[in-house]
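# Breakdown of the fold
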Amino acid sequence: MKNIKDYNLDELKEEIKELGEKPFRAEQIFKWLFVDKVKSFDEMTNISLELREKLKQNYNICNFEIIKKQESVDGTKKYLFGLSDENAIESVLMEYHFGKSVCVSSQIGCKMGCKFCASTGIPFIRNLTSGEIVEQIIAIEQDIGDKISNVVFMGIGEPMDNYENVINAIKILNNPKGLNIGARHISVSTSGIVPKIYDFADKNIQCTLSISLHSANNKVRSSMMPVNNAYNIEELIKACKYYIKKTNKRISFEYALAKDNNDNIKDADELIKLLKGMLCHVNLIPINKIENGKYTKSSLENIIKFRDYLNANGITATIRRELGADIDAACGQLRRKKLGGNI
Ligand code: SAH
């Protein structure tokens, strides 16, 4: 049975029409699901008993169970959610001065195989549905009794490898009649699946696009990210330039600094040459060491030097504040977890 939260409002109208009902019923149901956040059809009190029965026969309502919740000293919370099958995923809630931000997972596992990421080496299981992506925000809003203002697709998975569901989840999150999270408050991060970047540009979705670049040198990047063998830096930057031209939006490049790997001034020089003149911003992240990982953090002194050098050479760069490192909730630390244990 399909999860009724998988449909955006237009699709839900079609579904409801097929049940022989008027489209405004879809608006009522949408509000129950995404504003009132009810957990059952019986709570939809302005819907007739007859229609509620039909809904029950055709759909279920996905509600996540919180299996585990960990809180960091900085207030960051990591949730382990149990899905309706035996799977589980992680999401992270971060508090900033501008509001509350949730880092969502888009897949159960990841196929990209980035060498520095904790999701690597764990088998890929399946894509999350749109409803399961959205449910991460709903479950956290309910748990904290507050609104989420920002969503970043930086949890487990490659959003552009589950493109249709991610786009649909954005439509659901965006809808003013539902969760009402503005596109400008949503960031999609990709390891660089080039054809999808073109499509994203053409769709003109007003979200922020983040690119996990990590090196301006093909040899170094390929050694960190196998996706670079499929789409190299030149192809990636070409797609980014197309995106900027099409949307007039700034791209955010993620650059995780690993000691003696991509953190020297010569690496910064290559980066400056690559990004010069582009409407972009560089987000420097101290790489988080993962179990058995070969990369270690660049020193803070070196990261500051790297940032200042970029800024002095016309590339806007900032160092990302690390949140939740003590509960393994920082960048690249999320793993698919099985009920009852780590894998
Ligand atoms: N697959 C997407 C989104 C998930 S990863 C992507 O690659 O962009 C979210 C961000 O965390 C990416 O920028 C990724 O490169 C970064 N990241 C992964 N592992 C990391 C680690 N160990 N330390 C720091 N950043 C890491």
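About the criteria used
- Residues numbered from 1 in each chain as written.
- Predicted model: local features only at pLDDT ≥ 70, side-chain atom pairs only at ≥ 80, totals over all residues.
- Heavy atoms only, no water.
- Pairing = 2+ DSSP bridges.
- Helix = DSSP H or I, 4+ residues; strand = E, 2+ residues; numbered from the N terminus.
- Axes fitted to C-alpha atoms, helices over the stretch in contact; angles between N-to-C directions.
- Contact = heavy atoms within 4.5 Å.
- Buried < 20%, exposed > 50% of the residue type's maximum accessible area, 1.4 Å probe, protein only.
- Right-handed = clockwise from strand over helix to strand, strands pointing away.
- Domains from an automatic or database assignment.
- Buried area = accessible area lost by both parts, 1.4 Å probe.
- Salt bridge = Lys/Arg side-chain N within 4 Å of Asp/Glu carboxyl O.
- Polar contact = N/O pair within 3.5 Å; in protein donor to acceptor, adjacent residues only side chain to side chain.
- Near = heavy atom within 4 Å.
- Areas by Shrake-Rupley, 256 points an atom, 1.4 Å probe, with all protein chains shown as cover.
- Nonpolar A, V, L, I, M, F, W, Y, C, P; charged D, E, K, R; others polar.

## Digging into the sheet that holds strand E13 (residues 280-286)
- Reading across the sheet, the ten strands line up as E3-E4-E5-E6-E9-E10-E11-E12-E13-E14 and stay open at both edges, with mixed pairing between neighbours. Of all strands in the sheet, those with a lone pairing partner are strand E3 (65-71) and strand E14 (317-319), marking the two edges. Going across the sheet, the axis of each strand differs from the next one's by a mean of 25°, ignoring polarity.
- Of the pairings in the sheet, the one linking E3 to strand E4 (residues 77-82) comprises six bridges and is antiparallel in character. By the bridge assignment, Gln70 is partnered in E4 with Lys78.
- The sheet contacts of helix H4 (residues 130-144) involve E3, E4, strand E5 (88-96), strand E6 (99-103) and strand E9 (150-153), and relative to E4 the element is tilted by about 120°.

## So, the pairing of strand E10 (residues 186-190)
- Of all five residues in E10, five are buried; the element is thus mostly enclosed.
- The two faces of E10 match: Ile186, Val188 and Thr190 on one face and Ser187 and Ser189 on the other face are all buried.
- For the crossover from E9 across helix H5 (residues 163-174) to E10, the handedness is right-handed.
- Where E10 lies against strand E11 (residues 208-212), four bridges are found, and the strand directions are parallel. Within the sheet, the bridge partner assigned to Ser187 lies in E11 and is Thr208.

## Description of the domain arrangement of the protein
- As far as domains go, the protein holds domain 1 (2-60) and domain 2 (65-338).
- Residue-level contacts link 15 residues of domain 1 with 16 residues of domain 2.
- Summed over both sides, the interface between domain 1 and domain 2 buries roughly 1200 Å², with carbon and sulfur atoms accounting for 52% of that surface.
- Of all residues in domain 1, Asp6, Phe34 and Lys37 bury the most surface against domain 2, accounting for 42% of the area lost on that side.
- At the junction of domain 1 and domain 2, the tally comes to three salt bridges.
- Among the ionic pairs, Lys37 bridges to Glu141, the shortest N-O distance being 2.9 Å.
- Inspection of the region where domain 1 meets domain 2 yields ten residue pairs in polar contact (both at pLDDT 80 or more).
- Going through the elements one at a time, helix H1 (9-18) and helix H2 (23-34) are the ones with two or more residues in the side of domain 1 that touches domain 2.

## Re the site of the ligand
- Lining the immediate environment of the ligand, one finds 20 residues, of which Phe116, Ser189, Ser212, His214 and Asn288 sit closest.
- For the ligand, an oxygen atom lies 3.4 Å from a polar atom in the backbone of Thr190.
- Coverage of the ligand by the protein amounts to 96% of the 530 Å² it exposes when considered alone.
- Those elements giving two or more residues to the shell around the ligand turn out to be E10 and strand E12 (251-257).
- A breakdown of the residues in the shell around the ligand according to their chemical character gives nine nonpolar, nine polar and two charged.

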